[in-house]
Structures are given as C-alpha cells and as structure tokens.
Amino acid sequence: KFRSFMEQSFDGMVLVGEDGRVVEWNQALVRITGLTRKQAIGQNYLTLLLQLTPDDSKAVIAESLERMLMEALSTGQADFLNHVTEWPSQRAGDVQTRHVLQHAAFPIRTGARYRLGVIIRDITAHKHIEHLLHIQRDLGTALSATSDLRRGLNEILQAVFQIDGVTAGGVYLVDQSAGTMQLAAQQGLPPDFVKRTSFYAADTPQAELVRGGRPVYTRYDDLLARLGLTRSAHDLRAIAVIPVTFNGQSIAALNAASYQLDDFPLWARDALESIADLRASPIDLIRAKEPLPVIQRNLQTLFD
C-alpha cells in the first residue's frame, strides 16, 4: 500500500534511511530530476541533492546542508523540517535549464535514530508565470509614462533581459511605406554584428521574415544558413526573432539572443512573445506622439 501510494503520487517522494542513503525514490521524482530509481537507491541523499544543485548555489549550501541533514537523522530536529522550503535545481545532465523545487521534509522515528520522508514538487512553471506578471506590470507602467520612443525601446530591452538566458537583444522598427527595417535600440550585441545588421532593405530575407509575422527560434548559425549568410566572429548561440504586429501589420521586431543557451526553453519563448504582444500598442502610440515636438519646433521657427 505504501509503495502504491508513492508510485501514484504526482509529487516526488523520497525516503532517506538512518544512514543518509536513499531507500525509496518514486516515479514522479524520476520525471522531476531525471535520475532513475536505480541511480538513486543506495546513494547518499546529500550527494544527490548537490548533484541536482546549480554550481553557483552549491558552494553556499553544501556545508550547512550536511550539518542539518546529520542533525535531522540523529535528533529528528532541524531548521528545514516540517515546513516548505524552495530549492534551486537542475535536471541530471542538463546544466543550462534552471528549476525551482519545493521541499517538505518530516522525520520518522525508527528507534534511536530517524528516517526522513521528503515530498518534492516542481514549481518552476508557477515561478515563471509569477515572474512574467511582474515583468509585464513594470513594463506596462514604464511604457505608459513615456512618449519618447528610444526610452520606451530601452525599457522593453530591460524587461527582456529579466528573462533567464537572454544576454543580448535589439529592437528593429519597420518603415511601413518602404518596408525597410532599422535597428533602433540594442544591448549586449557585438559591434561587428550591429554594424552589419543595423539596416535591412525591404527585399532582404530578414525583412521578409519579419513581414511573415511568425516568431522564429533557432541557433544563430542555423538562422544564417537559412538566410544564406556567413558567420562573423562572435559567440551568439540561441536567437529569437519575434515580429510585433499591430492592426495586422508588422511594425517592429524584437530580437533576443543568448551567449549561454543553445535554445530558448518554452517558458522563455512564452515570455518573449508576451512582451512583444504587450508592447505593440504602446510602440504605435509612442511613434504617433513623437512627431508632435517636431511640428511644434517647425511652427516656432515659422513664427520667429
């Protein structure tokens, strides 16, 4: 009955023996961590936790975690017991993608010592949605407070850089009458890349790609091959090209790139497209506002 309960649980469940080694590891944990039951049973639980912890968090927690785990197994008491904690994690064999796990551990007395039961839940999707809502809120507030196009575009890029893995990006504006594209704002892109990609004529593959209105996610090398172009000397890896449409027309394109990832995960794609959707109307509004100071200056010149 106990094994059936563990195997049918949607949450990860692990049972840690008195010596700190894993004695049960359910199927949900295989899905969450990427470690099979065979790989986990008999292994030191602390070793498995550290294996699943990103390097930049590992050094900070390793010593304190070992102390608390030994204390829990010998006394049944430790700071992390009987309440929910959140843990940065990565799947086995995948050091690029970050996850957030909830842990709830409780002691099980077996005589002079204790076992530990641990329930683990992957809350990464929830955290991403929460993070995206904050990005959308802050970006919406920033865009509504400015009528300056360049400042608005930089606010958009700042929002994009809050998405894990995005380390470079740019915004192109589309000239509706000519069909050309001009790089209006960028951050983190190599100078030679900016020089060769700052303007696209209407008949170029890049402009046609944006007019198509469909997001493209790929490796930068693959995109160049698709467009029949040669690579420059820089380390861009994953790249996203997201057309921004308003009233059925492409008015801009958001480009996001990564020096770290080979591909943007699904949640990052959703976040990028959400930002692109959010900014379509404000960009058009800002562009509509922009000529007003020019008109005012021309009138003043005429009066003078």
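So, how was this worked out
- Residues numbered from 1 in each chain as written.
- Predicted model: local features only at pLDDT ≥ 70, side-chain atom pairs only at ≥ 80, totals over all residues.
- Heavy atoms only, no water.
- Helix = DSSP H or I, 4+ residues; strand = E, 2+ residues; numbered from the N terminus.
- Contact = heavy atoms within 4.5 Å.
- Pairing = 2+ DSSP bridges.
- Axes fitted to C-alpha atoms, helices over the stretch in contact; angles between N-to-C directions.
- Patch = residues over 30% accessible without salt bridge, like charges linked within 9 Å, V, L, I, M, F, W, Y side chains within 5 Å.
- Areas by Shrake-Rupley, 256 points an atom, 1.4 Å probe, with all protein chains shown as cover.
- Salt bridge = Lys/Arg side-chain N within 4 Å of Asp/Glu carboxyl O.
- Buried < 20%, exposed > 50% of the residue type's maximum accessible area, 1.4 Å probe, protein only.
- Core = buried A, V, L, I, M, F, W, Y, C linked by side-chain atoms within 4.5 Å.
- Expected span 1.5 Å × (residues − 1).
- Arc of directions from axis to C-beta.

I'm lost on the overall build of the protein chain in this one. Help?
Within the protein chain, the regular secondary structure consists of 12 helices and 11 strands. Within the protein chain, contacts between residues separated by at least 24 positions form 51% of all contacts whose residues are at least 6 apart in sequence.

What's the story with the sheet that holds strand 3 (residues 84–89) in this structure? I'm lost.
The strands making up a sheet associate through hydrogen bonds between their backbones, and the pairing can be parallel or antiparallel. Sheet architecture is open: 5 strands sit in the order 2-1-5-4-3, paired in antiparallel fashion. The open sheet is flanked by strand 2 (22–25) and strand 3, the only strands paired with a single partner. Averaged over all neighbouring strand pairs, the angle between strand axes comes to 25 degrees, with direction disregarded. Direction of pairing for strand 1 (residues 12–16) relative to strand 2: antiparallel, over a ladder of 3 bridges. In the strand pairing of strand 2, Val 14 is matched with Trp 25.

Teacher, can you tell me more about the sheet that holds strand 10 (residues 238–246) here?
Reading across from one edge, 8-7-6-11-10-9 is the order of the 6 strands in this open sheet, with antiparallel pairing throughout. Two strands in the sheet have a free side with no partner beyond their single neighbour: strand 8 (199–200) and strand 9 (216–219). Alignment of strand 7 (residues 181–187) against strand 8, held across 2 bridges, turns out to be antiparallel. Across the sheet, residue Gln 182 finds its bridge partner in strand 8, namely Phe 199. Here helix 7 (residues 149–160) sits on the sheet and contacts strand 6 (168–174), strand 7 and strand 11 (249–258); the angle it forms with strand 7, its principal contact strand, is near 55 degrees.

Could you clarify how one ought to interpret a nonpolar patch on the surface in this entry?
A contiguous nonpolar surface patch, about 200 Å² in accessible area, is contributed by Phe 106, Ile 108 and Ile 119. On the secondary structure map, Ile 119 appears in strand 5 (residues 114–122).

Explain the pattern of salt bridges here, please?
Opposite charge on two side chains permits pairing when their charged atoms draw close. The full count for this structure, using the stated rule, is 11 salt bridges. In this structure, Glu 18 engages Arg 115 in a salt bridge whose closest nitrogen and oxygen atoms are separated by 3.2 Å. Placement of the pair is Glu 18 in the loop between strand 1 and strand 2 and Arg 115 in strand 5, with a sequence separation of 97 residues. Judged by relative accessible area, Glu 18 falls into the partly exposed class, the value being 24%. With relative accessibility at 27%, the residue Arg 115 sits in the partly exposed group. Ionic contacts of the salt-bridge type, sharing partners, join the residues Arg 3, Glu 24 and Arg 37 into one network.

Where do I start with the nonpolar core in this structure?
Nonpolar side chains in soluble globular proteins tend to end up buried together. Leu 153, Val 160, Ile 163, Phe 264, Leu 272 and Ile 275 are the most contacted members of the largest nonpolar core, which has 33 residues in total. Secondary-structure elements contributing two or more residues to this core are helix 6 (124–144), helix 7, strand 6, strand 7, strand 10, strand 11 and helix 11 (266–289). Aside from chain neighbours lying at most four places away, what touches Leu 272 is Val 160, Ile 163, Tyr 217, Ala 240, Ile 242, Leu 254 and Ala 256. In terms of nonpolar packing, the next biggest core, distinct from the first, is built from 29 residues, Val 14, Leu 46, Ala 78 and Ala 105 among them.

Looking at this model, I keep getting lost on helix 6. Mind explaining?
Helical geometry note: an α-helix holds 3.6 residues per turn, so side chains three or four residues apart project in the same direction. The end-to-end C-alpha distance of helix 6, which contains 21 residues, comes to 30 Å, matching closely the 30 Å that a straight helix rising 1.5 Å per residue would cover. Where helix 6 is concerned, the buried positions are Thr 124, His 128, Leu 132, Ile 135, Leu 139, Ala 142 and Leu 143. The buried residues of helix 6 occupy an angular sector of 95 degrees when the element is viewed end-on, so they sit on one face. Exposed and facing more than 90 degrees away from the buried side of helix 6 are His 126, Ile 129, Leu 133 and Ser 144.

What is the right way to look at the pairing of strand 5 in this model?
Relative to strand 5, strand 1 runs antiparallel, the two sharing 5 bridges. Across the sheet, Met 13 pairs through a bridge with Ile 119, a residue of strand 5. Across 9 bridges, the pairing between strand 4 (residues 99–109) and strand 5 is antiparallel. The residue of strand 5 that forms the bridge with Ala 105 is Val 118.

Please clarify how unusual backbone geometry should be interpreted in this entry.
With the exception of glycine, most residues fall at negative phi, and the peptide bonds are largely trans. Residue Asn 82 is not a glycine yet carries a positive backbone phi of 65 degrees. Among the structural elements, Asn 82 can be located in the loop between helix 5 (55–75) and strand 3.

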